[in-house]
Amino acid sequence: MQGTISNNIRTLRFHHDEMSQAQLGQRIGLTRQTVAAIEAGKYSPSLEAAFRIAQVFGVPLTEVFQWQPDTSD
């Protein structure tokens, strides 16, 4: 099944003292460029990285990432 993953990383960073992409990347072991690509929806993180992102913000995974199935199938 095809679909799209969206995320709230930018909003979560803003609400956490305007954390930069570089700061988030440092805390989860990824580069700023990778965080930017995930945030822009151009790259899907590994499951482990997704859980690390949620942990940094202290929220469930579903508050960071959402899955929208493609209904055209």
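Refer to the structure presented above.
Residues numbered from 1 in each chain as written. Predicted model: local features only at pLDDT ≥ 70, side-chain atom pairs only at ≥ 80, totals over all residues. Heavy atoms only, no water.

Asks: Help me get a handle on the side chain of Asn7, residues and values and all.
Replies: On the secondary structure map, Asn7 appears in strand 1 (residues 3-7). For Asn7, a relative accessible area of 19% gives the class buried. At 3.1 Å, the side chain of Asn7 and the backbone nitrogen of Ile9 are in polar contact. The contacts of Asn7, once residues within four sequence positions are left out, are Ile38, Glu39, Gly41, Val64, Phe65 and Gln66. (Helix = DSSP H or I, 4+ residues; strand = E, 2+ residues; numbered from the N terminus. Buried < 20%, exposed > 50% of the residue type's maximum accessible area, 1.4 Å probe, protein only. Polar contact = N/O pair within 3.5 Å; in protein donor to acceptor, adjacent residues only side chain to side chain. Contact = heavy atoms within 4.5 Å.)

Asks: Which residues make up the pattern of salt bridges, and what are the values?
Replies: What the rule picks out here adds up to two salt bridges. The salt bridge involving Arg13 is made with Glu39; its shortest N-O contact spans 2.8 Å. Residue Arg13 is located in helix 1 (residues 9-15), and its partner Glu39 is located in helix 3 (residues 32-39); the two are separated by 26 residues in the primary sequence. Like Arg13, the residue Glu39 is buried in the burial classification. In this structure, Arg52 and Glu48 form a salt bridge, with 2.5 Å as the shortest nitrogen-oxygen distance. Of this pair, Arg52 and Glu48 both sit in helix 4 (residues 47-57), separated by four residues, roughly a single helical turn. Of the residues examined, Arg52 reaches a relative accessible area of 29% and is grouped as partly exposed. (Salt bridge = Lys/Arg side-chain N within 4 Å of Asp/Glu carboxyl O.)

Asks: Requested: an account of unusual backbone geometry, with residues and values cited.
Replies: Peptide bonds are mostly trans, and most non-glycine residues show a negative phi. Positive phi is not limited to glycine here, since Asp17 has a value of about 55 degrees. Examined against the element boundaries, Asp17 turns out to sit in the loop between helix 1 and helix 2 (21-28). Given the relative accessible area of 77%, Asp17 is considered exposed.

Asks: Summarise the nonpolar core; cite the residues concerned and give the values.
Replies: Within the largest apolar cluster, 15 residues are counted, with the highest numbers of intra-cluster contacts made by Ile9, Leu24, Ile53, Phe57, Val64 and Phe65. Counting only elements with at least two residues in this core, the list comes to helix 1, helix 2, helix 3 and helix 4. When residues no more than four places from it in sequence are discounted, the contact partners of Val64 are Ser6, Asn7, Asn8, Ile9, Leu12, Ile53, Ala54 and Val59. (Core = buried A, V, L, I, M, F, W, Y, C linked by side-chain atoms within 4.5 Å.)

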